[in-house]
Amino acid sequence: MSDPSDLIHQEPFFEARRKIFPKAVHGSYRRLKWAIMAITLTIYYVTPWIRWERGPYAPHQAALIDIAHRRFYLFSIEIWPHEFYYVAGMLIMAGIGLFLVTSAVGRAWCGYACPQTVWTDLFVHVERLIDGDRNAQFRLVNAPWGPSKIGRRVAKHAIWLLIAAATGGAWIFYFADAPTLVRQLADGSAPFVAYATIGVLTFTTYTLGGLMREQVCIYMCPWPRIQAAMMDEQSLAVTYKYWRGEPRTRGLKRTHDLVELATEPQARIGDCIDCNACVAVCPTGIDIREGSQIGCITCGLCIDACDDIMVKLDRPTRLIGYTTEADAHIANTGGTPHTAIKRLLRPRTLIYFCVWGGIGLGMLFALGNRTRIDLSVAHGRNPQWVRLSDGAVRNSYVVKVRNMEERPRDVEIAVTGLPGAVLWDENGDRQHAKQSINLHVDADQVRPIQLFVAAPAAGPEHTDVTFSVRALDAEGGRATDVTRFDRPETEEHGE
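Residues numbered from 1 in each chain as written. Predicted model: local features only at pLDDT ≥ 70, side-chain atom pairs only at ≥ 80, totals over all residues. Heavy atoms only, no water.

> Could you clarify how one ought to interpret helix α8 (residues 192–212) in this entry?
Taking 1.5 Å as the rise per residue, α8 with 21 residues should run 30 Å; its terminal C-alpha atoms sit 28 Å apart, in good agreement. Among all positions of α8, only Ala-194, Ile-198, Thr-202, Thr-205, Tyr-206, Thr-207, Gly-209 and Gly-210 are buried. As for α8, its buried residues are in contact with α4 (115–131), α6 (147–172) and α7 (178–187). One or two positions beyond α8, positive phi appears at Arg-213, with a value near 50°. (Helix = DSSP H or I, 4+ residues; strand = E, 2+ residues; numbered from the N terminus. Expected span 1.5 Å × (residues − 1). Buried < 20%, exposed > 50% of the residue type's maximum accessible area, 1.4 Å probe, protein only. Contact = heavy atoms within 4.5 Å.)

> Hey, could you run me through a nonpolar patch on the surface in this one?
On the surface, Val-101, Val-105, Trp-109, Ile-341, Leu-344, Leu-345 and Leu-350 cluster together to form a nonpolar patch covering roughly 560 Å² of accessible area. Mapped onto the elements, Val-101 comes out in helix α2 (residues 85–105). For Val-101, a relative accessible area of 31% gives the class partly exposed. (Patch = residues over 30% accessible without salt bridge, like charges linked within 9 Å, V, L, I, M, F, W, Y side chains within 5 Å. Areas by Shrake-Rupley, 256 points an atom, 1.4 Å probe, with all protein chains shown as cover. Salt bridge = Lys/Arg side-chain N within 4 Å of Asp/Glu carboxyl O.)

> How should the environment of Arg-268 be read in this particular structure?
Tracing the chain through its elements places Arg-268 in the loop between α12 (259–262) and α13 (277–281). Take Arg-268: its relative accessible area is 46%, and that puts it in the partly exposed class. C-alpha of Arg-268 to C-alpha of Tyr-322: the two residues are 54 residues apart in sequence and 25 Å apart in space. Filtering out sequence-adjacent residues up to four positions away, Arg-268 remains in contact with Trp-243, Arg-244, Glu-246 and Pro-247.

> Please explain the pattern of salt bridges as it appears in this structure.
Pairs can form between side chains of opposite charge once their charged atoms are near each other. Tallying each qualifying case throughout the model produces 29 salt bridges. A salt bridge links Lys-23 to Asp-133; the shortest N-O distance between them is 3.9 Å. Pair noted here: Lys-23 is in the segment before α1 (28–46) and Asp-133 is in the loop between α4 and α5 (134–142), with a separation of 110 residues, a long-range link. By relative accessible area, Asp-133 is classed as partly exposed at 26%. Across the salt bridge formed by Arg-71 and Glu-78, the nearest N and O atoms sit 3.4 Å from each other.

Pasting the structure below:
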């Protein structure tokens, strides 16, 4: 056993974080990231302010999670609590969609559309706008504190906080009418939970997007580990084509400057000049030439950086590019890689797509054919039955009628499956009982009512009965619920 004092001189178990300053780059993938950032942020910030006319009895916000009234609105779709399976279906589709994307194009979600990627990219651009590009940021970090450095730091973090606060503010607008809530926030009359939610989301967005950045992707997020298990040799990934780039040459040498070197015996010239441009632009600071790594989010910025260098050197582009492990092996042996269509049309991606599309089509079919009126019946248990003065047996039920239309409706409630049955509500009596009753239900409301059902005493102890509700307007609509009618046990045996 070593001397305990030697522990003092051991190397640390974990390397301290080296702050990353990604260099600005221009190219097709950078433009794609700009476009996706603009689209996703616009959707996130603008959606709560879109109006959608639903009539005088429903909210006019296109996307609204109305927790107080237990509704979820998305344009013309309205989801009630008992229809939560639609939300579950959308979540399942989102999960399978991620599996499909990963199987087809690798970690494209991480590189382009993940919220952590989008907001981190936005924060990095703000930092670059204020502090300058990569080299200027290094100089600023090493510079002594002074008015210029303090001013830049204050401006940068202030803008970051504004973006983070706008992020939290936009989120709470999905849970309440946006114009009303913004007025309440301004005059201090908004609920405490609104201010608390903005505070929490401001802190998390500022911390994760501005301060932690790549650490979230590398250490905190579980998705890269899951994706690594889902990818195979046919999944696209950003790849350094070592068979073309090695051995590396040092310095900026154009193709025509290397002719003499290439004619030397056994000399081979790689296209990589070891300029580290791919490392300088990487938002997680990895070297893609070291192979596939969990830190690679496949954003493609290293492709743009390398292509720019290759163009300057009069060499073919895509020394770094999207390819699969199988295609890389084929290219390394001089073969022709598969086409994009052939990579996509394979059993794994087709199965994912069919499952994803099947769930989506099933949900659309259910939405298009669902009834806008619903019924639930609960049998009274105290007492289970009552014998009336005329010898009939009475059961009580709590009936709830859901009107899922955006207007009031009159409905008819009836009972079938029980010969000789009549019913009345809590405001009626046995003398005025009928085979059906009418009920008025307000728009987007659940109307509970207690009903009493009487039937002849002769019959089985338990009889299945069907309650039905029918809308009386022109559009109609019908719903049913099955329960049971109880009688005294002696009646079943004819005692």
